[in-house]
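What follows is the residue order along each chain.
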Amino acid sequence: MSIFKELGLSEAIVSSLTELGYENPTPIQEISIPQILNSKDDLKAFAQTGTGKTAAFSLPIMEQLDLKSKDPQAIILSPTRELAIQIARNIEEFSKNISNLNVVAVYGGANIEDQIRGIKRGAQIIVGTPGRTVDLIKRKRLNLRNIQWLVLDEADEMLNMGFKDELDQILETTPNTKQTLLFSATFPKEVEAIAKNYMNNTVEISAGKKNIGAENVSHEYYLVSDRNRYPALKRIADINPDIYSIVFCRTRRETKDIADKLIADGYNADALHGDLSQAQRDMVMQKFRSKTLQILVATDVAARGLDVTDLTHVINYKLPDQPENYTHRSGRTGRAGKNGISVALITNREKGKLRPIEKKINKQFEQKQVPNGKEICEKQLYSLIDKVHDIDINEKEIKDYLPSIYQKLDGFDREELIKRFVSLEFNQFLSYYENSHDLNGDDSREKRRSTDEAFTRFYINLGKMDHINPAKLMGIINENLRKNDIEIGQIEILKSFSFFEIDKNFRDEVLEKFNGVEFGGRKIIVEVTNKPKTKGRSRSKRRNFEGGDRFRGNKERNGSGNRDRRSSGSGGDGKRRDSGRRQRR
Ligand code: AMP
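## Looking at the pattern of salt bridges
Here's step 1: Counted under the stated rule, the structure contains 32 salt bridges.
Here's step 2: When the shortest N-O distance is used, the salt bridge between lysine 44 and glutamate 192 registers 2.8 Å. Linking lysine 44 in strand S1 (residues 43-46) with glutamate 192 in helix H10 (residues 189-198), this pair joins segments that are 148 residues apart in sequence.
Here's step 3: Note that arginine 229 is salt-bridged to glutamate 350, the shortest N-O span being 2.9 Å. Of this pair, arginine 229 sits in helix H11 (residues 229-239) while glutamate 350 sits in the loop between strand S13 (340-346) and helix H16 (354-361), and the two are 121 residues apart along the sequence. Taken individually, arginine 229 and glutamate 350 each receive the classification buried, so the pair is uniform in this respect.
Here's step 4: Through salt bridges with shared partners, one network takes in Lys44, Glu192 and Glu204.

And the structure:
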């Protein structure tokens, strides 16, 4: 008998799982399915992305729905639209063999009327992002007063993204009799507070191992200067000809820049970030899933809903501020029993970020050397030979051309022919890496000092108490300056106030534009303040955006086909390369 059946699932569900290729339950499914089927107690589950948590909470709910009623019986809240869509899609797949089971996904950035129609038609399960869910409740288009299950998926992410108020509002409208299922990869105090305030008789479960993927992931770092970060990224891609990777950046702008550079340098790459339209996002994700793209450059948030299981590498182009986000990122490789590598490109200044992450993942980073040109050429050469060895020959198609080809190559012996074919592909790699230099080590302190001087630091009387986070603060800055591309430097959020840096050329404009502005009925005060001396910059206080990343306001993107194709033009690693990494078809 199928183990899923033994867990208490009916034939209709088990058969769809079999069709999907789910042979055995994952550890979190094994624990949570019987728990939710057999108990009304609330549940706190420690589960990362990639552990099979969607099935872990949705299958037992599906099993217990009253299919005679079309009213919402379960609400699943997820941090992003992509994840919401993916969960709804999974539920549709799981319920393929059950008639009358309907699910509707509701999320921002899409036509609300269509979603209202979906709810009206009847759906027992609603999957929603917090903002859109609140909106629908306020419009009285979504009634959660009779729901029996509430799932908080990736609760830590929802709170990280500043959805606390929305969660509070939604939770207030749900009945006390419901069963709450909270799934989270981490349990910081904000998540614990939600559990404490809204959950009763809570059973805690975890899938045994902290992250079932983590076992198979090795963690590596490369020490480079900021200016060598990009060339180092390319070398890592070049030494791994079959790389299939997400490169994580911290801002939309950086994401777009790196993707543009990679594309211009001939890599199968594209960007995924919040400035893309939904259609553009879907297209990029589809290309990545089908492996038409080898490298996806993404922000944490944009990559959330991307369900890809066999990445070879996760590359942290810049490390995230929160160690939890690193675990989210690295957990995207090493899944389904495969090995994965999580790479961090770090400068001297960012070295301090490794320890807290090591503590979190309970593993050590291994320092690696950025490969040199010779090593890369060697790897590429053997990869080329392997491809020649393994290529399928289409006898039928080439047969007509062969006689004249044989004639043209008449006179070359076997060795000579091999040398010529190899050189054809390989010479460009050799010449590209001919004068390449060593990228290891970071000597960029001088450069950083000069960029620090390009910014003015401001004090603002809004802080964590006002539910400000870096993203919100950037939004407030952009909104009030009404300019799209002013460079924003470091942001530091403290309890009741914050600091931010802005391109020093806009010093007076910032002061002027914030004059008389209110936030939540309170007058905003913005003042120029002294920069802390480099030595005195306390690491703990510079939690947010530590590492000197620079931000700009949101800039509209023209669409993925309309790119600014530039060459990075820096020595041996900046040249345009036409061969070696051909666009896959
Ligand atoms: P999730 O953590 O729900 O995002 O699931 C991660 C990936 O694992 C998805 O691609 C699921 O389709 C897949 N998956 C979930 N449960 C199983 C299972 N029991 N067997 C095989 N694949 C699974």
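Back to the write-up after that little detour.
## Notes on the sheet that holds strand S9 (residues 245-249)
Here's step 1: The strand order across the open sheet formed by seven strands is S10-S11-S9-S12-S13-S8-S14, and the pairing between neighbours is parallel. Here the strands that pair on one side only, and so sit at the sheet edges, are strand S10 (269-272) and strand S14 (366-367).
Here's step 2: Pairing geometry for strand S12 (residues 313-316) and S13, over four bridges, is parallel. Note on S13: the bridge partner recorded for histidine 313 is isoleucine 341.

## Some points on the site of the ligand
Here's step 1: By nearness alone, 14 residues border the ligand, and Tyr22, Asn24, Gln29, Gly52 and Thr54 come closest of all.
Here's step 2: Within the contact set of the ligand, a nitrogen atom lies 2.7 Å away from a side-chain nitrogen or oxygen of glutamine 29.
Here's step 3: Between the ligand and threonine 51 there is a distance of 3.1 Å, counted from an oxygen atom to a backbone nitrogen or oxygen.
Here's step 4: The residue makeup of the shell around the ligand, split by class, is three nonpolar, nine polar and two charged.

## Let's talk about the packing of helix H15 (residues 323-330) against H16
Here's step 1: Across the interface, H15 lies against H16 with an axial gap of 9 Å and an inter-helix angle of 60 degrees. On the basis of the axis angle, H15 is oblique to H16. In this structure, H15 meets H16 at a crossing whose hand is right-handed. Across from Pro323, Glu324, Tyr326 and Thr327 in H15, the residues of H16 making contact are Pro356, Ile357, Lys360 and Ile361.

Each value, and the rule that gives it
- Residues numbered from 1 in each chain as written.
- Predicted model: local features only at pLDDT ≥ 70, side-chain atom pairs only at ≥ 80, totals over all residues.
- Heavy atoms only, no water.
- Salt bridge = Lys/Arg side-chain N within 4 Å of Asp/Glu carboxyl O.
- Helix = DSSP H or I, 4+ residues; strand = E, 2+ residues; numbered from the N terminus.
- Buried < 20%, exposed > 50% of the residue type's maximum accessible area, 1.4 Å probe, protein only.
- Pairing = 2+ DSSP bridges.
- Near = heavy atom within 4 Å.
- Polar contact = N/O pair within 3.5 Å; in protein donor to acceptor, adjacent residues only side chain to side chain.
- Nonpolar A, V, L, I, M, F, W, Y, C, P; charged D, E, K, R; others polar.
- Axes fitted to C-alpha atoms, helices over the stretch in contact; angles between N-to-C directions.
- Parallel < 35°, antiparallel > 145°, perpendicular 65-115°, else oblique.
- Left-handed = near helix turned anticlockwise from the far one by under 90°.
- Contact = heavy atoms within 4.5 Å.

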